Amino acid sequence: MFHTKISDFIFNTTNMVGSGTANGFEGQYSGYDLRTSDNGGNAVIKGIEFNYNQQLTFLPGFWKAFSLFGNYTRLKPSGDYGGTATSPVTELVGFVPKSANIGITFTKFGLDVRIKNTYKGRWLTAFSTNAGAVRYTHPRSNVDLNILYRLNRRYSVYFDWANIFNEAEAIDYQYREELVRTNNPTGARFNLGVRVKL
C-alpha cells in the first residue's frame, strides 16, 4: 500500500477554440481542439499493489521449467487542477486506476518463452474545465509473446510478437463512450534479431 502527495503536477488539457477575433488566433481555427500542458494544484494518490511469482519446481519432469507471474495495481488518484473555475473531475490525467498483467514462462534447453496478458482500465486522458471536452481512454487488454534462444554463452536469437490479437493501442472518447475521438489500431508488431554479449 502507498499514499503519495504531489503538487504542481503537469497535466494535458483539451479546449475548443472559440469564434471571433479575440479567440487568440485572430479569428481563425474556430471549433478546433487546442491541446496544451499546464500545472495543476495539489493531489493525493492512494493505492495498493500485489505481485505474484511462482516457479513450478514442485511439478515433475518437463513441467518444472514453467513459472507463473502476475501483478495487480489499484490506484485512487484525486486532486484539483488549480485556477478559479470549477473542475468537472477530480481524477488525475495519465494515472490508470486499474492495471494488471498475468503470464507464464518456460525456461529450459537454452530457450526462454514468455506469454503475457496486460490490462489497463479506463483512464483520464485530457482535462478541461468544460465537462463536455474531458477525454478518457477506453480499457484495453493485449497479449504479447517473447521467445529467446541462446545459441551459446555469447550469441542468442530472439522473436517478439506484440499485440497478438491486434487490439487497438488507444481508443479515446469525449464526454460519453459513444463519442469516440481517436482510434489508434497499431496492429500486431514483430521483432526478430540477434543479441551479442561483448
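Nothing here was measured: the structure is a model prediction, and the numbers come from that model.

Calculation notes
- The numbers attached to residues start from 1 for each chain and follow its sequence in the written order.
- Residues qualify for local features only when their pLDDT is at least 70, as the model is predicted, and side-chain atom pairs are given and counted only at 80 or more; totals for whole chains, interfaces and linings, by contrast, use all residues.
- Side-chain measures were taken over the full set of non-hydrogen atoms in the model, leaving aside hydrogen atoms and water.
- Stacked, edge-to-face and tilted labels apply to pairs of Phe, Tyr and Trp rings (six-membered ring for Trp) whose centres lie within 6.5 Å, assigned for plane angles under 30 degrees, over 60, and everything in between, in that order.
- Per the convention used, a helix needs a DSSP run of H or I reaching at least four residues, while a strand needs a run of E reaching at least two, with both numbered from the N terminus.
- Two thresholds decide whether a charge sits over a ring: the Lys NZ or Arg CZ must be within 6 Å of the ring centre and within 35 degrees of the ring normal.
- Relative accessibility under 20% of the residue-type maximum defines a buried residue, over 50% an exposed one, and the middle range a partly exposed one, all with a 1.4 Å probe and only protein chains included.
- We define a nonpolar core as any set of buried Ala, Val, Leu, Ile, Met, Phe, Trp, Tyr and Cys residues linked to one another through side-chain atoms lying within 4.5 Å.
- Only heavy atoms matter for contacts: two residues are in contact if any of them lie within 4.5 Å across the pair.
- Here, strands pair whenever DSSP counts at least two bridges between them.
- Only the contacting stretch of a helix is used when fitting its axis, a line to C-alpha atoms as for every element, and angles between N-to-C directions run 0 to 180 degrees.
- Throughout, the protein atoms alone are placed on a 1 Å grid, and a set of points is a cavity if a 1.4 Å probe fits but cannot get out or a pocket if it is open with protein on both sides within 12 Å along at least five of seven lines; lining residues have an atom within 4 Å of a point.
- Grid points are joined across faces, edges and corners, and a volume is the space filled by probe spheres set on the points.
- Charged means Asp, Glu, Lys or Arg here, nonpolar means Ala, Val, Leu, Ile, Met, Phe, Trp, Tyr, Cys or Pro, and polar covers whatever is left, Gly included.

Enquirer: Which parts of the structure should I look at to understand the packing of aromatic side chains?
Expert: Aromatic ring pairs are defined here through the distance separating the ring centres and the angle between the ring planes. Following the criterion strictly, the structure yields 10 aromatic pairs and no others. Consider the rings of Phe159 and Phe190, whose centres lie 6.2 Å apart with planes at 25°: the pair is stacked. Linking Phe159 in strand 11 (residues 155-162) with Phe190 in strand 14 (residues 189-196), this pair joins segments that are 31 residues apart in sequence. Taking NZ or CZ as reference, Lys108 lies 5.2 Å from the ring centre of Phe109, over its face.

Enquirer: Would you explain unusual backbone geometry in this entry?
Expert: Residues other than glycine predominantly adopt negative phi, and peptide bonds predominantly adopt the trans conformation. Backbone geometry at Phe109 places phi at a positive 60°, although glycine is not the residue there. Along the chain, the position of Phe109 falls in the loop between strand 6 (98-108) and strand 7 (111-120). For Phe109, a relative accessible area of 60% gives the class exposed.

Enquirer: Any chance you could explain the nonpolar core here in plain terms?
Expert: What tends to happen in soluble globular proteins is that the nonpolar side chains get buried as a cluster. Grouped together as the largest cluster of nonpolar side chains are 14 residues, with contacts concentrated most on Tyr81, Val89 and Leu124. The residues contacting Val89, other than those within four sequence positions of it, are Tyr81, Leu124, Phe127, Val134 and Tyr136.

Enquirer: What exactly am I supposed to notice about the sheet that holds strand 7 here?
Expert: Strands pair in a sheet through their backbones, by hydrogen bonds, and they do so in one of two ways: parallel or antiparallel. Across the sheet, 8 strands lie side by side as 1-4-5-6-7-10-11-14; this open sheet has antiparallel pairing. If you trace the sheet from one side to the other, it starts and ends with strand 1 (2-7) and strand 14, each paired once. The mean angle between the axes of side-by-side strands here comes to 15°, regardless of whether they run parallel or antiparallel. Here 13 bridges tie strand 4 (residues 42-55) to strand 5 (residues 66-79), and the two strands are oriented antiparallel to one another. Counterpart to Gln54 in the pairing with strand 5 is Leu68.

Enquirer: Can you walk me through the layout of surface pockets in this structure?
Expert: A water-sized probe, rolled over the atoms, reveals where empty space remains. Its volume calculated, the largest pocket comes out at about 180 Å³. Secondary-structure elements contributing two or more residues to the lining of the largest pocket are strand 6, strand 7, strand 10 (140-150) and strand 11. Across the lining of the largest pocket, the residue classes break down as 5 nonpolar, 3 polar and 4 charged.

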